[in-house]
Amino acid sequence: MEFLKLYIKEEIATGIVLLLFFIARIITAKIVRRFAKVSQTLEHRSNLVIKYFNILLGSIAVIAIFIIWGVKPQNVILVFSSVFAVIGVAMFAQWSILSNVTSGIILFFSAPFKIGDTIRIHDKDFPIEAEIEDIRGFHTYLKTKEGELITYPNSLLLQKGISVLKYTSEEKEFTD
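The structure contained in this document is the topic of the report that follows. (Residues numbered from 1 in each chain as written. Predicted model: local features only at pLDDT ≥ 70, side-chain atom pairs only at ≥ 80, totals over all residues. Heavy atoms only, no water.)

## Thoughts on the overall build of the protein
Selection criterion: Strands are runs of DSSP state E lasting at least 2 residues, helices are runs of H or I lasting at least 4, and numbering of each runs from the N terminus. Under the scheme applied here, a residue whose accessible area is under 20% of the maximum for its type counts as buried, over 50% as exposed, and between as partly exposed, the area being computed with a 1.4 Å probe on protein chains only. Contact criterion: two residues are considered in contact whenever any of their non-hydrogen atoms come within 4.5 Å of each other. Surface accessibility follows the Shrake-Rupley procedure with a 1.4 Å probe radius. Residue values consider only the protein chains on display as shielding.
In terms of helices and strands, the protein carries six helices and five strands. Listed by position from the N terminus, the elements making up the protein come as α-α-α-α-α-β-β-β-β-α-β. Taken across its 176 residues, the protein has 29% of its residues classed as buried. Sequence separation of at least 24 residues holds for 54% of the intrachain contacts in the protein that already meet a minimum separation of 6. Just so you have it, the protein exposes about 12,100 Å², and 66% of that area is on carbon and sulfur atoms.

## Remarks on the environment of Ile-55
Examined against the element boundaries, Ile-55 turns out to sit in helix 3 (residues 43-68). Along the primary structure Ile-55 and Arg-25 are separated by 30 residues, whereas in three dimensions their C-alpha atoms are 9.8 Å apart.

## Remarks on the nonpolar core
To keep things clear, this is the line we draw: As used here, the term nonpolar core means buried Ala, Val, Leu, Ile, Met, Phe, Trp, Tyr and Cys residues forming a set that is joined through side-chain atoms within 4.5 Å.
Core analysis: the biggest nonpolar cluster contains 14 residues, and Phe-113, Ile-119, Ile-121, Ile-128, Leu-142, Tyr-152 and Leu-157 have the highest contact counts within it. Every residue in contact with Ile-128, bar those within four places of it in the chain, is listed here: Ile-119, Arg-120, Ile-121, Leu-142, Ile-150 and Tyr-152. Core analysis: the second largest hydrophobic core is formed by six residues, Ala-29, Val-32, Ala-36 and Phe-108 among them.

## Side note on the pairing of strand 3 (residues 139-144)
To be explicit about the condition: Two strands are counted as paired when DSSP detects at least two bridges linking them.
Side chains Thr-140, Leu-142 and Thr-144 of strand 3 all project onto a buried face; the interleaved residues His-139, Tyr-141 and Lys-143 project onto a face where none is buried. Strand direction decides the pairing type here: strand 2 (residues 128-135) and strand 3, joined by five bridges, are antiparallel. Paired with Ile-132 across the strands is Leu-142, a residue of strand 3. Between strand 2 and strand 3, which pair antiparallel one after the other, the connecting turn spans three residues.

## Thoughts on helix 2 (residues 8-38)
As a reminder of what qualifies: How far a helix is expected to stretch is found by multiplying one less than its residue total by 1.5 Å.
Compared with an ideal rise of 1.5 Å per residue, which puts 31 residues at 45 Å, helix 2 spans 45 Å between its outermost C-alpha atoms and is within 8% of the ideal. For helix 2, the set of buried residues is Thr-14, Val-17, Phe-21, Thr-28, Ala-29, Val-32 and Ala-36. Gln-40 sits one or two positions beyond helix 2 and adopts a positive phi of about 55 degrees.

## Digging into the sheet that holds strand 3
For clarity, the cut-off: Helix axes use the C-alpha atoms of the stretch in contact, all axes being lines fitted to C-alpha atoms, and the angles between their N-to-C directions lie in the range 0 to 180 degrees.
Read from one edge to the other, the open sheet built from five strands follows the order 4-3-2-1-5, with strand pairing classed as antiparallel. Only two strands of the sheet have a single partner each, and these edge strands are strand 4 (149-153) and strand 5 (161-166). Sheet twist, expressed as the average angle between the axes of neighbouring strands with direction ignored, equals 40 degrees.

## Looking at the pattern of salt bridges
Side-chain pairs of opposite charge can arise whenever the charged atoms involved come near each other. Definition in use: Within this document, salt bridges are pairs made up of a side-chain nitrogen of Lys or Arg and a carboxyl oxygen of Asp or Glu, the two lying within 4 Å of each other.
In this structure the tally under the stated criterion is four salt bridges. Between Arg-120 and Glu-129 there is a salt bridge, and its shortest N-O distance comes to 3.3 Å. On the basis of relative accessibility, which here comes to 28%, the residue Arg-120 falls in the partly exposed class. You can call Glu-129 partly exposed: its relative accessible area is 30%. Taking the shortest distance from any N to any O, the salt bridge between Lys-160 and Asp-123 comes out at 3.7 Å.

## So, the environment of Leu-48
Mapped onto the elements, Leu-48 comes out in helix 3. Residues Leu-48 and Phe-108, 60 residues apart in the sequence, show an inter-C-alpha distance of 9.6 Å. The residues contacting Leu-48, other than those within four sequence positions of it, are Arg-136 and Gly-137.

In structure tokens:
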């Protein structure tokens, strides 16, 4: 019982941080779902974006709790540097995964094309003309006229020039 009285300020502050964390998760999910509904985005794409925001909010909450309980920055830095050193060595070649996830979030909010649209990717070595089958967190599935299914990294969709040849929406209907 003495423990509860001794750390009452930290306990209340931790409770507030956790409450704010859950409220922020709910608000973020509602905003993303509302945006997805307005932009006619598929539900599984909005769920991916919500999951990424939840990870970010959770990380911020953990850092805030560390600060509240007075964990020494040197100890936190030592633990995180050790963990990141191991992860960094194991996954050094996987930085493209982070850029693909970030690109997937950007495509969710601002892509000029949607699932079902026919696009042309302007790549001098490997030009592609295909219909968008699905847009995932890391990559996009494209289906060519020949029936070939291509898995294309989201980061490249943002780097390459793209022409939308055929929209699926009636209000934007045109064909190249």
